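Structural description and commentary
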Number of protein chains: 2
Amino acid sequence: MTAHTVTAYDQELKALENAIARMGGLAEQQLRLVLSAVTEADPEKAIKVIAGDQVIDAVQREVEEMTVQLIARRQPVAVDLRVVLGALRIASDLERIGDLAKSTAKRLAQFDEKAWLSPMTRSLTAIGDLAALQLKTVLDAYSQRNLDQALLVWNRDEEIDRQYNALFRELLTYMMEDPRTITFSAHLLFCAKNIERIGDHCTNIAEIAAYIITGEPLVENRPRADIAPVPSEG
Amino acid sequence: MTAHTVTAYDQELKALENAIARMGGLAEQQLRLVLSAVTEADPEKAIKVIAGDQVIDAVQREVEEMTVQLIARRQPVAVDLRVVLGALRIASDLERIGDLAKSTAKRLAQFDEKAWLSPMTRSLTAIGDLAALQLKTVLDAYSQRNLDQALLVWNRDEEIDRQYNALFRELLTYMMEDPRTITFSAHLLFCAKNIERIGDHCTNIAEIAAYIITGEPLVENRPRADIAPVPSEG
């Protein structure tokens, strides 16, 4: 293999990482945009999020194409293969995060933006901000190969799950107190779940980043709190 | 390359497909089990589903390991690379289907099984049966390389989306009529969404199967009906 070939290969790997960074930036931007749509009761921003999702989808297709080309032409092994397959999986998580931001925007857009300013949405944007922080942190952890930051994200997901459970209960009380809020609250339940799932995708990316860095999977069965415990039999 | 090597390679590809078939069978079994748990008000079955999910996760890890080994050692190209990367993605969809069946079982298990027999769950099991049919059909389409069956699944997802929207509205009316049903109904909303998402994963698998068969992606932007249309601006 000539020095030229090695350089081209390195450049292709670098281009793949750049595409992931671009996709991550877009996903983070979409999430922050839908959150500010809510806090500012700005339907234009929600419309922007809905329209913007296709850009993320297009970058994902680019990443998939680059991955297939890289595997076919360069036949990567060991750490390079982990990087390439990791990029493929991170792209899938980022695409889902984009979908979840878009789904949140679509649900909100069904209601008058005055409703967005109700106290019912306040906990939603709080947990959304935490999810946006998780996303930013894990993208940095990935691009800088920072294991500590990846582990931080992995562990901090429990806080999102805890806040999600509290929000779930909060929304049920609004529904019980005033049946006229049921339809809006039901959609907010799903918006909350979307945010909680964005958090899960961030932990997935943290796991992939950690695997790329160490070559070992993270310990399984991280404590989870996203669904109330199942009653024992008997 | 000796005849012996080619045979070993073919066997490895075959083993990968077998692992997917096994995983698919397990996912289908889990989905059918949670549906019969509801119709028979049998909490033991729900517990079985919750416990059984780890088997699917284990097979997914096997598939991932086989894929990495295959790429590193055999350096597949063209159709073989499509098969290998397709298997990786299908395994990811099947793992999610298993998760969604387990999540449904966990949500139900929080309530007395007498509640499972309420009229509120009837539409849920109807849409669940349709999702189980989609899963069975798409697994057959994949293993038999049957493009028509893959397209059938891809197109039939609209019917799941339609039934999901009807069920969403139905559950809201139960909540409005009797606030005591709000907590149970809210969990049923998520169970319904789980089933709708299982349908989406089946269409993903249909797309991957079609891509393996034809080498071309399916046309994008299939009409979707899972979220009510967004009101136009102005």
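Residues numbered from 1 in each chain as written. Chains lettered and ligands numbered in written order. Predicted model: local features only at pLDDT ≥ 70, side-chain atom pairs only at ≥ 80, totals over all residues. Heavy atoms only, no water.

Where an unreviewed UniProt entry is consulted, chain A appears under the name Phosphate-specific transport system accessory protein PhoU, with the organism given as Rhodomicrobium udaipurense. As its UniProt record puts it under Subcellular location (unreviewed entry), chain A is described as follows: "Cytoplasm". (UniProt positions renumbered as here; feature names shortened; annotations may be inferred.)

**Comments concerning the UniProt feature "domain: PhoU" (unreviewed entry) in chain A**
The sites that UniProt annotates as "domain: PhoU" (unreviewed entry) are residues 20–107 and 126–208 of chain A. Annotated as 93% helix and 0% strand, the span residues 20–107 of chain A places its first and last C-alpha atoms 27 Å apart. (Helix = DSSP H or I, 4+ residues; strand = E, 2+ residues; numbered from the N terminus.)

**Quick notes on the environment of Ala101(B)**
All names here are of chain B. Looking at the element boundaries, Ala101 is found in helix H3 (residues 78–109). Separated by 97 residues in sequence, Ala101 and Ile198 place their C-alpha atoms 8.4 Å apart. Excluding residues within four positions of it along the chain, Ala101 makes contact with Gln30, Leu31, Val34, Val49 and Ile198. (Contact = heavy atoms within 4.5 Å.)

**A look at the relation of the copies chain B and chain A**
For the pair chain B and chain A, the best superposition has an RMSD of 0.0 Å and corresponds to a rotation of 180° with a translation of 0.0 Å parallel to the axis. Each copy turns onto its partner about a two-fold axis. In terms of proximity to the rotation axis, the leading residue of chain B is Gln75(B), whose C-alpha is 2.9 Å off the axis. Looking at chain B, 100% of its interface residues are interface residues in chain A too, so the copies touch through the same face. (Least-squares fit on C-alpha atoms with pLDDT ≥ 70 in both.)

**As for helix H6 (residues 147–177) of chain B**
With 31 residues, H6(B) extends 46 Å between its outermost C-alpha atoms, agreeing within 8% with the 45 Å of an ideal straight helix rising 1.5 Å per residue. Looking only at H6(B), the buried set comprises Ala150(B), Val153(B), Trp154(B), Asp157(B), Ile160(B), Asp161(B), Tyr164(B), Leu167(B), Phe168(B), Leu171(B), Leu172(B) and Met175(B). On its buried face, H6(B) is in contact with helix H3 (78–109), helix H6 (147–177) and helix H7 (182–214) of chain A together with helix H5 (122–143) and helix H7 (182–214) of chain B. (Expected span 1.5 Å × (residues − 1). Buried < 20%, exposed > 50% of the residue type's maximum accessible area, 1.4 Å probe, protein only.)

**Looking at the side chain of Thr181(B)**
Residue and element names in this part refer to chain B. Note that Thr181 resides in the loop between H6 and H7. Exposure remark for Thr181: the relative accessible area of 16% places this residue in the buried category. Within the structure, the side chain of Thr181 is placed 2.8 Å from the backbone oxygen of Asp178, a separation counted as a polar contact. Excluding residues within four positions of it along the chain, Thr181 makes contact with Met120, Tyr174 and Met175. (Polar contact = N/O pair within 3.5 Å; in protein donor to acceptor, adjacent residues only side chain to side chain.)

**What about the packing of H3(B) against H5(B)?**
Angle between the axes and distance between the axes are the two parameters that describe a pair of packed helices. All names here are of chain B. One way to put it is that H3 packs onto H5 with a least axis distance of 13 Å and a crossing angle of 165°. Here H5 runs roughly antiparallel to H3, going by the angle between their axes. The handedness of the crossing between H3 and H5 is left-handed. Across from Ala87, Ile90, Leu94 and Ile97 in H3, the residues of H5 making contact are Leu135, Leu139 and Tyr142. (Axes fitted to C-alpha atoms, helices over the stretch in contact; angles between N-to-C directions. Parallel < 35°, antiparallel > 145°, perpendicular 65-115°, else oblique. Left-handed = near helix turned anticlockwise from the far one by under 90°.)

**Overview of the pattern of salt bridges**
Overall, the coordinates contain 26 salt bridges over all chains when judged by the stated rule. Among the salt bridges present, the one from Glu17(B) reaches Arg145(B), with a minimum N-O distance of 2.6 Å. Residue Glu17(B) is located in helix H1 (residues 3–39), and its partner Arg145(B) is located in the loop between H5 and H6; the two are separated by 128 residues in the primary sequence. Given the relative accessible area of 32%, Arg145(B) is considered partly exposed. The structure contains a network of salt bridges with shared partners spanning Glu12(A), Arg73(A) and Arg74(A). (Salt bridge = Lys/Arg side-chain N within 4 Å of Asp/Glu carboxyl O.)

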